[in-house]
Amino acid sequence: EEMTDPCNDHQSFVGLKQRRILYGGKGRIALALIGCFVWLAQIFSLLHPAGLPVDSLDDVRHQEPCLVTALNASSKASLSHSKRTAKVARKQESADASPKFQFSTPPSTAKVGICMITREADLYLDEWVDYNLFALDFYEIYIYDNSDDFALVGWGKKRRKKGGKNAHVYVRHYPGRTHQTLAYMDCTKRYKNRVDYLAYFDDDEFLVLYEHER
């Protein structure tokens with residue numbers, strides 16, 4: 001029985017005599033799909049019993065170019081899907097391997113200190129210290145004076161003489177330019193064993209709590 005190629009001839013399908021239906025609306029698509037399936041089934045029935053060897057693929061490519069095109073498209077789609085699946089799997093493995101940061105709520109008895117470096121801020125430094133020391137109840141405050149002549153030496157002594165929690169304010173001279181990171185590193189190394197946690201603030205930063213009083 002003579003077969004026709006639906007990829008090249010839209011009006012020739014096996015076993016369909018009423019070809020005008022193909023141009024009658026929705027039936028056109030349905031009949032076209034049925035015709036392609038019938039045509040592919042016939043190709044398979046011819047090739048399979050004969051045990052077509054791999055070497056004959058070139059003959060099929062020349063005789064049935066539409067079939068080869070369809071197989072190539074299917075192969076490419078499968079390969080593309082496999083690549084996408086592998087990419088998603090690699091991202092998931094990378095996410096699983098990334099470190100997990102766990103934040104715990106410090107107990108109410110935890111001692112929290114502040115490291116801060118400042119320069120020429122003595123006019124409003126009392127307000128900043130009072131807020132953090134008394135309002136927020138930080139345990140100790142470590143102030144690094146970045147001025148050239150240690151301008152806060154007198155302020156620090158006066159503050160500590162008041163006694164009470166004022167004695168928990170420590171002032172160190174740390175002159176030089178662009179030394180903020182080094183000052184914080186020195187503060188961490190020097191005072192890390194005196195408190196449970198350390199915070200790092202600038203002299204114009206005020207911590208505002210929305211859920212806790214201190």
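To be clear, the structure that these remarks concern was listed above.
Residues numbered from 1 in each chain as written. Predicted model: local features only at pLDDT ≥ 70, side-chain atom pairs only at ≥ 80, totals over all residues. Heavy atoms only, no water.

Enquirer: Is there a simple way to explain the overall build of the protein in this structure?
Expert: Secondary structure summary: the protein contains six helices and four strands in total. Each helix (α) and strand (β) of the protein, taken in turn from the N terminus, gives the series α-α-α-β-α-β-α-β-α-β. Sorting the 214 residues of the protein into buried and exposed places 24% on the buried side. Counting only contacts in the protein whose residues sit at least 6 apart along the sequence, the fraction spanning at least 24 positions is 69%. Surface accessibility of the protein: about 15,800 Å² in total, with carbon and sulfur atoms responsible for 55%. (Helix = DSSP H or I, 4+ residues; strand = E, 2+ residues; numbered from the N terminus. Buried < 20%, exposed > 50% of the residue type's maximum accessible area, 1.4 Å probe, protein only. Contact = heavy atoms within 4.5 Å. Areas by Shrake-Rupley, 256 points an atom, 1.4 Å probe, with all protein chains shown as cover.)

Enquirer: Whenever I open this one, the environment of E120 confuses me. Can you help?
Expert: Within the fold, E120 resides in the loop between β1 (112-118) and α4 (125-135). The class of E120 is exposed, set by a relative accessible area of 68%. E120 sits 32 residues away from L152 along the chain, and the two C-alpha atoms are 8.5 Å apart.

Enquirer: What's the story with the state of the cysteines in this structure? I'm lost.
Expert: Cysteine pairs can be covalently joined through their sulfur atoms, and such a bond is termed a disulfide. Overall, the coordinates contain one disulfide when judged by the stated rule. Across the disulfide, C115 is cross-linked to C187 (sulfur-sulfur distance 1.9 Å). An S-S torsion of about -75° defines the bridge between C115 and C187 as left-handed. Of the two residues, C115 is situated in strand β1 and C187 in helix α6 (residues 180-191); the sequence distance between them amounts to 72 residues. (Disulfide = S-S within 2.5 Å.)

Enquirer: How should I be thinking about unusual backbone geometry in this particular structure?
Expert: Negative phi characterises most residues that are not glycine, and trans characterises most peptide bonds. Here the phi dihedral of E120 falls at roughly 55°; this positive angle occurs in a residue that is not glycine. Its identity as a non-glycine residue notwithstanding, D137 has a phi of 65°, on the positive side. Topologically, D137 is positioned in the loop between α4 and β2 (140-145).

Enquirer: Mind showing me how you'd approach the packing of aromatic side chains here?
Expert: Two descriptors summarise a pair of aromatic rings, namely the distance from one centre to the other and the angle between the planes of the rings. Enumeration over the complete set of coordinates arrives at seven aromatic pairs. A centroid spacing of 5.5 Å and a plane angle of 65° characterise the contact between Y144 and Y174, whose relative ring orientation is edge-to-face. A residue pair is termed long-range when its members are at least 10 positions apart, and Y144 in strand β2 and Y174 in the loop between β3 (169-173) and α6 qualify at 30 residues. Among the residues examined, Y144 registers a relative accessible area of 1% and is labelled buried. Judged by centre distance (6.2 Å) and plane angle (35°), the rings of Y170 and Y191 are tilted. Taken together, the residues Y170 in strand β3 and Y191 in helix α6 connect sequence positions 21 residues apart. A residue is classified by how much of its surface remains accessible, and Y170, at 21% relative accessible area, is partly exposed. (Phe/Tyr/Trp six-rings, centres within 6.5 Å; stacked < 30°, edge-to-face > 60°.)

Enquirer: Would you mind going over α4 with me for this structure?
Expert: The periodicity of an α-helix, 3.6 residues per turn, causes residues three or four positions apart to be oriented the same way. Within α4, burial applies to L125, W128, V129, N132 and L133. Down the axis, α4 shows its buried residues gathered within 110° of arc, on one side only. As for α4, its buried residues are in contact with β1, β2, α5 (153-161), β3 and β4 (197-201). Residue D137 follows α4 closely and has a positive phi angle near 65°. (Arc of directions from axis to C-beta.)

Keep in mind that these numbers describe shape and distance, not what the molecule does.
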